[in-house]
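Residue-level structural notes
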Amino acid sequence: MPQRVAITGSTGLIGSALSAALRGRGDEVVRLVRRAPTAADEVQWDPAARRLDPGALEGVTAVVNLAGAGVGDKRWTPSYQQLILSSRVDSTATVARALVELGAPVRLVSASAVGYYGDRGDEVLTEDSAPGDTFLSDVVRAWEGAADPARDAGLPVVHPRTGLVLAPGGGAMAKMLPLAKAGINGPLGNGRQWWPWISLRDTVAGLVHLVDHPEVTGPVNLVGPHPDRQVEVARELGRQLHRPAVLPAPAFGIRLVLGGFADEVLHSKRVVPGRLTDSGFTHTDGDVASALRWVLEQA
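Residues numbered from 1 in each chain as written. Predicted model: local features only at pLDDT ≥ 70, side-chain atom pairs only at ≥ 80, totals over all residues. Heavy atoms only, no water.

Considerations on the pattern of salt bridges
- Within this structure, the stated rule accounts for 17 salt bridges.
- Across the pair E123 and R120 runs a salt bridge, and its minimum N-O distance is 3.1 Å.
- Counted as one network, the salt bridges with shared partners bring together R23, R31, R35, D41 and E42. (Salt bridge = Lys/Arg side-chain N within 4 Å of Asp/Glu carboxyl O.)

As for the packing of aromatic side chains
- One pass over the full model with this rule turns up two aromatic pairs.
- Between W76 and F135, the aromatic rings sit 5.2 Å apart at their centres with planes inclined by 65 degrees, giving edge-to-face as the arrangement. Note that W76 is positioned in the loop between β4 (62-65) and α2 (78-102) and F135 in helix α3 (residues 135-145), a separation of 59 residues in sequence.
- Judged by its relative accessible area of 26%, F135 falls in the partly exposed class.
- Ring centres 5.1 Å apart and planes at 85 degrees place the aromatic pair Y116 and Y117 in the edge-to-face group. You'll find Y116 and Y117 in the same group, each marked buried.
- Looking at R161, its charged tip hangs above the ring of Y116, at a distance of 3.7 Å from the centre.
- The ring of W194 has R270 lying over it, and the distance from NZ or CZ to the ring centre is 4.2 Å. (Phe/Tyr/Trp six-rings, centres within 6.5 Å; stacked < 30°, edge-to-face > 60°. Helix = DSSP H or I, 4+ residues; strand = E, 2+ residues; numbered from the N terminus. Buried < 20%, exposed > 50% of the residue type's maximum accessible area, 1.4 Å probe, protein only. Lys NZ or Arg CZ within 6 Å of the ring centre and 35° of its normal.)

Examining unusual backbone geometry
- Of note in this structure, R50 is not a glycine but carries a positive phi near 55 degrees.
- With respect to the helices and strands, R50 occurs in the loop between β3 (42-44) and β4.
- Judged by its relative accessible area of 33%, R50 falls in the partly exposed class.
- Located in the positive-phi region is H242, a residue other than glycine, with phi close to 60 degrees.
- Its place among the elements puts H242 in the loop between α7 (230-241) and α8 (251-258).

So, the side chain of S279
- Mapped onto the secondary structure, S279 falls in the loop between α10 (274-278) and α11 (288-298).
- Those residues within four positions of S279 in sequence are excluded, and the remaining contacts are H209, H213 and V216. (Contact = heavy atoms within 4.5 Å.)

Section: helix α6 (residues 200-212)
- Between the first and last C-alpha of α6 there are 18 Å, a value that for 13 residues agrees with the 18 Å anticipated at 1.5 Å per step.
- Of all 13 residues in α6, ten are buried, a share of seventy percent or more.
- All buried positions along α6 are accounted for by L200, D202, T203, V204, G206, L207, V208, H209, L210 and V211. (Expected span 1.5 Å × (residues − 1).)

Things to note about the packing of α7 against α11
- Running from amino to carboxyl end, α7 crosses α11 at an angle of 50 degrees, the nearest separation of the two axes being 10 Å. Between α7 and α11, the angle falls in the class oblique. As α7 runs across α11, the sense of the crossing is right-handed. On α11, the residues touching V233, E236, L237, Q240 and L241 of α7 are V288, A289, L292, R293 and L296.
- By residue class, the composition of the contact of α7 with α11 is seven nonpolar, one polar and two charged. (Axes fitted to C-alpha atoms, helices over the stretch in contact; angles between N-to-C directions. Parallel < 35°, antiparallel > 145°, perpendicular 65-115°, else oblique. Left-handed = near helix turned anticlockwise from the far one by under 90°. Nonpolar A, V, L, I, M, F, W, Y, C, P; charged D, E, K, R; others polar.)

With respect to the sheet that holds strand β12 (residues 197-199)
- Sheet architecture is open: three strands sit in the order β10-β9-β12, paired in mixed fashion. The open sheet has two edge strands with one neighbour each: β10 (170-171) and β12.
- In the sheet, strand β9 (residues 164-167) pairs with β10 via two bridges, with the strands oriented antiparallel. Across the sheet, the residue bridging to L166 is G171, located in β10.
- Each of β9 and β12 touches α11; the most contacted strand, β9, lies at about 45 degrees to it. (Pairing = 2+ DSSP bridges.)

Quick look at the packing of α2 against α3
- Remark: α2 packs on α3, axes separated minimally by 9 Å, with the N-to-C direction vectors making an angle of 15 degrees. When the interaxial angle is binned, α2 and α3 end up roughly parallel. The hand of the α2/α3 crossing is right-handed. Two secondary-structure elements touch here, α2 through Q81, I84, L85, R88, V89 and T92 and α3 through F135, L136, V139, A142 and W143.

Nothing here speaks to function; it is all geometry.
Here you go:
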């Protein structure tokens, strides 16, 4: 049966692709926007003021909440760190409260991130693993906790903890691809940190899967079938571009350029998608070679 799905963050990398995928299969998409609506499928909301008319969600079967300031968009000044936190907590709390007031059994797919786990070396990380002790770990705990009103009201709430999304024209690849084409996409730091990558098409398919399976609740690691070390990702990208991938970027240089966000590039997260695959999801990109091949074909 076609669904009516509301999406926050619908203009972002993942949100725009998800909107297209849902419409492509016959679903109706309602886009929550902060400005005045200019199209029939738009509804205005103000997450910073925690305002969303519950009536605007009438007939919605699921809400996918993707709103939040980009963690890699700017340097992590104290004010931007506060924006990273507040934009996620406010948007999630606003949606959760509106759904409670609506009083309908709406599915809530509320975004999260593998930043929850912090820097864990070679430890295999499942949804049951403890949180880390980094800034983003604290953000994710507050972010997921903001959905508690919906959870407490008995609504089916799931938190896809998304990994490093490999996508044409955006995300991490927007920074990696130009370097790789120039032959300077080598190890970042020592290169041995685990990167929990996932292709954009599998990210979107995973979100659609979670929309369709309200019995899956709690955290779900939205990552590829297995992580790879960063240097392996760099080498595979270089191989497909026929470029070397040996020139290293020292950790101090990365921190100089990226500031606090450098830790997310240098930290090791060996995250596996246990609950996702156990719920019946099958990845299209079973290894990083497949994911990068798709990205380069689309770029």
